[in-house]
Amino acid sequence: MNFQTLKMSACTLAITSALAGAAFAQATGESPVFAAMVADGKLPPVAERASMEPEVIDFGEVGSYGGSWRFGLSSTGDDGTLRSHVGTNGLVRWHHNLKELTPNVAKGWEVSEDAREFTFFLRKGMKWSDGAPFTTSDIEFSINDVLLNSDYEELSTRFKSGGEPLRLEVIDETTFKIIFDHPNGEFLGQMAREEGANLNFFPRHYCQSYHPTYTDDLSAAMEANGAPDWQTLFLQQCGNPREGQRWLNPDRPVLDPWVIVNPLDGAATVVTLQANPFFWQVDQAGNQLPYINDLQGRIFQDPEAMTLAAIGGQFDFQYRHIDAPGNRPVLADNREAGGYELYEVTAAGGNYNWIQPNLNHKDPVINALFNEKDFRVALSIGIDREEVIDTALLGEGTPWQTGPFEDTDLYHERVATQHLEFDPDRSNELLDGLGLTERNDDGIRLMSDGRPARFLVDIRNTYPHIVDMMLVIKDQWEEELGVSIDLNVVDRSLHKLRSKNADHDMTSDSGNATWMPGQLPSAILPIDSSSRHAPLWTEWYRSGGKSGIEPPEHTKKRYEHWEAIFATADPQERIRLFHAIADIAADEFEAFGVTKNASTYGVVAKGLKNVLPGMKSTSQFPSPANVFMPQAWFYE
């Protein structure tokens, strides 16, 4: 990622997007389903529905309307798959070339030279999915009444610079300005993330009914919905861009290409969404998107059952939960019978298995041991990564710690490659030096209080390939080092809760750390829920020291660098500061990886068109939505 290119591209795109929108002052084509509703007087004409300035999406072929997109969900808690298909549709998004930002809900923007003021231009005549106008009044409600409302929730650091929150200036119905007291060179990248949609997520005309500023008495609504307070009620009814509540209320108006019909709740077996008749994008011929009528997500409790459904041709596009390396041969062998092709999903950086000991452990003996750098180094060099790759990943992988890959400005050699060598002799020397010299009858080393060095590793149940990898590592550590682990395979919500509360020993998870603009560098800095190696340091930072545990000076220094990254508009200075954070992280070596994020493979139905190659899987953005634009996909 070249930061200077990003900055220049943003300024250019603010102009080109507006010109592209002007190519279709009115949408001219629509789904036959909506055309029939127009004829019956149930919908206004498509030209009035798609805004006066629809965004033009040109993915090569003008498509045809109809069909259902069938896919799988791992559980009723799998809101991540829905986000990855529908998107969060913030003001800006990543272009599918993955190198620059492009307008989205906003048709363009302007940035002041000092990166303190960001002026956004909305699309005239744009509407929510219920036909109500979308204007800066909704932006004002989303920012002032929700985002900046300290009674509702704590403001994320994504919306601050120099510790001070953003401010809103409304200029007219389609123009507004975000102002910071300090430069914020990361702001546009942050807005392209899922969380960035907070600025335009909440429809005032609907959500104000659940907000105490606009509704005097919410007690009846709270009682009817079993909500103990207005904050819970508001979340139930209006959702959040990143949380599962977003998919529970079919009545909530949205800006998405599809609208939830059958919610993702505890009783669901299939989740359905239908095309939004007021969606604001068109193809190059002026036909309103999306082409596909509806989405049908079948809920599975067993990853193997989902793989069987895939090879049986029951999915039209799917890679989440079926892309484990062990599935690749069976997916390939059944292509003809299942009526699909393999689809490659590549990585932007990071690690396929990121192992994080809990440095905030509540057990003082374990906490002291985990906070010894030599212990962490011993575990890392006690992994025979080549054996793990050959055994669990069918030989597909490259030993790697974490971080951006070598072809980026942010590549950091020590963070990526130190302590990768398999050296059990040196590992045992380090463990002996920590006083772990006594062993029990099973050959497991004893900690300072006489308990065996046996630890629980939390793994999400949607990562069978990580389970396979950790089973190999378990054998290596027990046989070579005398350190034992047990695998605790849990669902996503419990995994998140245990790590947030620092109730875990270790976690083993994917680490999609790219550190591109907008990406929180959670692998090298305790900054969000992905920083499972130090959740209470993260809490201390995010709460301004009001809760959590005060971190050591080396972590505080990284926080200073992170604040400085936000406070500068100079792209080269941001690169330097990212490397300064990485230098400290390399010195501390708080967590460790196994292998580079490799390409994985899913399935795409034969005849599904406009599915571009080159899709990347990263927490930076939900793929394919927002970037590879499934609203432009269609069936041949």
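Thresholds applied
Residues numbered from 1 in each chain as written. Predicted model: local features only at pLDDT ≥ 70, side-chain atom pairs only at ≥ 80, totals over all residues. Heavy atoms only, no water. Pairing = 2+ DSSP bridges. Helix = DSSP H or I, 4+ residues; strand = E, 2+ residues; numbered from the N terminus. Buried < 20%, exposed > 50% of the residue type's maximum accessible area, 1.4 Å probe, protein only. pLDDT = per-residue confidence, 0-100. Contact = heavy atoms within 4.5 Å. Arc of directions from axis to C-beta. Polar contact = N/O pair within 3.5 Å; in protein donor to acceptor, adjacent residues only side chain to side chain. Disulfide = S-S within 2.5 Å. Phe/Tyr/Trp six-rings, centres within 6.5 Å; stacked < 30°, edge-to-face > 60°. Lys NZ or Arg CZ within 6 Å of the ring centre and 35° of its normal.

Asker: Describe in detail the sheet that holds strand β15 (residues 317–318), supporting the description with residues and values.
Answerer: Read from one edge of the open sheet, 3 strands run β15-β22-β16, paired in antiparallel fashion. Edge strands, defined here as strands with exactly one partner in the open sheet, are β15 and β16 (340–345). The pairing of β16 with strand β22 (residues 600–605) spans 6 bridges and is antiparallel. By the bridge assignment for β22, valine 345 is matched with threonine 600.

Asker: Before we move on, can you summarise the environment of threonine 76 with the specific residues and values?
Answerer: Checked against the element boundaries, threonine 76 lands in the loop between β2 (68–73) and α4 (79–86). Classification of threonine 76 by relative accessible area gives partly exposed; the value is 29%. C-alpha separation for the pair threonine 76 and valine 270, spaced 194 residues apart in sequence, amounts to 9.4 Å.

Asker: For the confidence of the model for the protein chain, give the residues involved together with the corresponding values.
Answerer: Averaged over every residue, the pLDDT of the protein chain is 91; the share at 70 or more is 94%. Within the model, the stretch residues 1–24 combines pLDDT values under 50 with 49 contacts to residues more than four positions away or in other chains.

Asker: Provide a residue-level description of the environment of isoleucine 581, including the pertinent values.
Answerer: Relative to the elements of secondary structure, isoleucine 581 occurs in helix α22 (residues 571–588). In this view, isoleucine 581 contacts Ile524, Leu525, Arg558, His561, Trp562 and Ile565; residues no more than four positions away in its chain are not counted.

Asker: Break down helix α17 (residues 424–433) for me, with residues and values.
Answerer: Among the residues making up α17, those that are buried are Pro424, Ser427, Asn428, Leu430 and Leu431. In an axial view of α17, the angular spread of the buried residues amounts to 160 degrees, which keeps them on one side of the axis. Of the residues in α17, the exposed ones pointing more than 90 degrees away from the buried face are Asp425 and Gly433. Looking at the buried residues of α17, the elements they touch are α14 (373–381) and α18 (464–481). Positive phi appears at glycine 435, one or two residues downstream of α17, with a value of about 90 degrees.

Asker: Outline the side chain of histidine 321, listing residues and values.
Answerer: Within the secondary structure, histidine 321 sits in the loop between β15 and α11 (328–333). A polar contact of 2.8 Å, which involves the side chain of histidine 321, links it to the side chain of aspartate 78. Sequence-distant contacts of histidine 321, defined by excluding residues within four places in its chain, comprise Ser74, Asp78, Thr81, Met306 and Thr462.

Asker: How would you summarise the state of the cysteines if you had to cite specific residues and measurements?
Answerer: With the rule as written, the count across this model stands at 1 disulfide. Between cysteine 207 and cysteine 238 runs a disulfide, and the two sulfur atoms are separated by 2.2 Å. Residues cysteine 207 and cysteine 238 are joined by a disulfide whose S-S torsion is about -135 degrees; by sign, that bridge is left-handed. Of the two residues, cysteine 207 sits in helix α7 (residues 204–207) while cysteine 238 sits in helix α9 (residues 230–238), which places them 31 residues apart along the sequence. A residue is classified by how much of its surface remains accessible, and cysteine 207, at 0% relative accessible area, is buried. Residue class for cysteine 238 comes out buried when judged on its relative accessible area of 0%.

Asker: Any chance you could break down the packing of aromatic side chains for me, citing the residues and the numbers?
Answerer: As enumerated under the stated definition, the model contains 34 aromatic pairs in all. Seen from their ring centres, tryptophan 69 and phenylalanine 71 are 5.9 Å apart, and the 65 degrees between their planes marks the pair as edge-to-face. Taking the relative accessible area as the measure of exposure, tryptophan 69 reaches 0% and is therefore buried. When the centroid spacing of 5.8 Å and the interplanar angle of 20 degrees are considered together, the rings of phenylalanine 370 and phenylalanine 375 count as stacked. A residue is classified by how much of its surface remains accessible, and phenylalanine 375, at 0% relative accessible area, is buried. Through a chain of ring-to-ring contacts, three or more aromatic side chains come together here, namely Trp69, Phe71, Trp258, Phe317, Tyr319, Tyr343 and Trp633. The aromatic ring of tryptophan 400 is capped on one face by lysine 596, whose charged end is 4.7 Å from the ring centroid. For the cation-ring pair, lysine 596 lies above phenylalanine 405, with the distance from its terminal atom to the ring centre recorded as 4.8 Å.

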